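Overview (structure and organization)
Below are the chains, spelled out letter by letter.
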Amino acid sequence: SDADARLDFMGFGVVQGEDGKKFKTRSGDVVRLRDLLDEAASRAESELRKRAEAFGGEISAEREERMKADAERIGVAAVKYFDLRQNRNSDYKFSYDAMLDAKGNTAVYVLYAYARIVGVLQKSGQEASSLDPASLDLGEPTERALALRLLRLPEVLAQVEDDLL
């Protein structure tokens, strides 16, 4: 019911351009989210196209369509991840170059790592759901550390949910 509804104010810092000034359009207007997402997708598409051309060959109509869809996903993910990565109470500099970087703590890197993992699983001929966790051999300290960190994911998500609710 409305009587049980709760409203919390969540303050945010100022989003700045790379020059350190408040992020605005050239005319001084507030930048619309749709415009940010469109620009991120456009830049992602340019990078995908450059990589496709570097591997040679003509880009088929089917590949062109897939590239546009992938660029949209990458652009949106990059903006979301970059924004969520920031401390919401602090000012931060908005940078397409930083958010679309294929190296470091970016959505592009996470998506690339995911695609690599999927590729490895496909080459193995196994389904991830069919793997027996008890048969995993975590002999390396880094493997064990990663597994322990991954096991904490449900706890971290529950904590985030508690903090937001």
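Summary of the structure given here. (Residues numbered from 1 in each chain as written. Predicted model: local features only at pLDDT ≥ 70, side-chain atom pairs only at ≥ 80, totals over all residues. Heavy atoms only, no water.)

**Some points on helix H4 (residues 107-124)**
Every α-helical turn comprises 3.6 residues, leaving residues that sit three or four positions apart pointing alike. Under the convention used in this document: Helix numbering and strand numbering both begin at the N terminus, where a helix is a DSSP run of H or I of at least 4 residues and a strand a DSSP run of E of at least 2. Expected helix span is given by 1.5 Å per residue-to-residue step, counting one fewer step than there are residues.
Compared with an ideal rise of 1.5 Å per residue, which puts 18 residues at 26 Å, H4 spans 26 Å between its outermost C-alpha atoms and is within 8% of the ideal. Positioned one or two residues after H4, Gly125 has a phi angle of 75°, which is positive.

**Here we look at the packing of helix H1 (residues 33-54) against helix H2 (residues 61-85)**
Here is the rule we go by: Interaxial angle, 0 to 180 degrees, is taken between N-to-C directions of lines fitted to C-alpha atoms, where a helix line uses only the stretch in contact. Small angles under 35 degrees read as roughly parallel and large ones over 145 as roughly antiparallel, with 65 to 115 read as roughly perpendicular and the rest as oblique. Here a crossing is taken to be left-handed if its near helix is turned anticlockwise relative to the far helix by less than a right angle, and right-handed if that turn runs clockwise. For this analysis, residues touch if any pair of their heavy atoms sits within 4.5 Å.
Between H1 and H2, whose axes approach to 7 Å, the crossing angle comes to 130°. The angle between H1 and H2 places the two elements in the oblique class. The hand of the H1/H2 crossing is right-handed. In contact with Arg34, Leu36, Leu37, Ala40, Ala41, Ala44, Glu45, Leu48, Arg49 and Ala52 of H1, H2 contributes Arg63, Glu64, Met67, Lys68, Asp70, Ala71, Glu72, Ile74, Gly75, Val76 and Val79.

**Quick notes on the packing of aromatic side chains**
This is how the line gets drawn: Only rings of Phe, Tyr and Trp enter the pairing, Trp through its six-membered ring, and a pair is recorded when the two centres are within 6.5 Å. The plane angle decides the type: under 30 degrees is stacked, over 60 is edge-to-face, the rest tilted. Relative accessibility thresholds used throughout: buried, under 20% of the residue-type maximum; exposed, over 50%; partly exposed, between the two (1.4 Å probe, protein chains only).
A full pass over the atoms with the stated rule returns four aromatic pairs. Plain terms: the ring middles of Phe82 and Tyr92 are 5.8 Å apart, the flat faces sit at 65° to each other, and that makes the pair edge-to-face. Of this pair, Phe82 sits in helix H2 while Tyr92 sits in strand S2 (residues 92-93), and the two are 10 residues apart along the sequence. Classification of Tyr92 by relative accessible area gives buried; the value is 11%. Ring geometry for Phe82 and Phe94: centres 6.3 Å apart, planes at 85°, overall edge-to-face. On the criterion of sequence distance, the pair formed by Phe82 in helix H2 and Phe94 in the loop between S2 and helix H3 (96-99) is long-range, its members being 12 residues apart. Accessibility assignment for this pair places Phe82 and Phe94 in one class, buried. An aromatic cluster of at least three residues, connected via ring pairs, comprises Phe23, Phe82, Tyr92, Phe94 and Tyr96.

**Considerations on the packing of H2 against H4**
When two helices pack together, you describe them by how their axes are tilted relative to each other and by the distance separating the axes. Basically, it comes down to this: Only Asp, Glu, Lys and Arg are considered charged, only Ala, Val, Leu, Ile, Met, Phe, Trp, Tyr, Cys and Pro nonpolar, and every remaining residue, Gly among them, polar.
Contact geometry for H2 and H4: axes closest at 8 Å, N-to-C directions at 125°. By the criterion of interaxial angle, the relationship of H2 to H4 is oblique. Along its contact with H2, which presents Ile74, Ala77, Ala78 and Tyr81, the element H4 presents Ala107, Val108, Val110 and Leu111. For the contact of H2 with H4, the per-class residue count stands at eight nonpolar, no polar and no charged.

**A word on the side chain of Gln16**
In this structure, Gln16 sits in strand S1 (residues 15-16). Exposure remark for Gln16: the relative accessible area of 16% places this residue in the buried category.

**Some words on the pattern of salt bridges**
How we decide: A side-chain nitrogen of Lys or Arg and a carboxyl oxygen of Asp or Glu constitute a salt bridge if their distance falls within 4 Å.
Under the counting rule described, the total for this entry stands at 13 salt bridges. Among the ionic pairs, Arg43 bridges to Asp97, the shortest N-O distance being 3.8 Å. With a gap of 54 residues between them, Arg43 in helix H1 and Asp97 in helix H3 connect regions that are remote in the sequence. Judged by relative accessible area, which is 34%, Arg43 ranks as partly exposed. Its salt-bridge partner being Lys68, residue Glu45 comes within 3.0 Å of it at the nearest N-O pair. Highlighted residues: Glu45 in helix H1 and Lys68 in helix H2, separated in sequence by 23 residues. Here Glu45 falls in the buried class, since its relative accessible area comes to 17%. Owing to a relative accessible area of 43%, Lys68 belongs among the partly exposed residues under this scheme. Via salt bridges that share partners, Glu45, Arg49, Glu64 and Lys68 belong to a single interconnected network.

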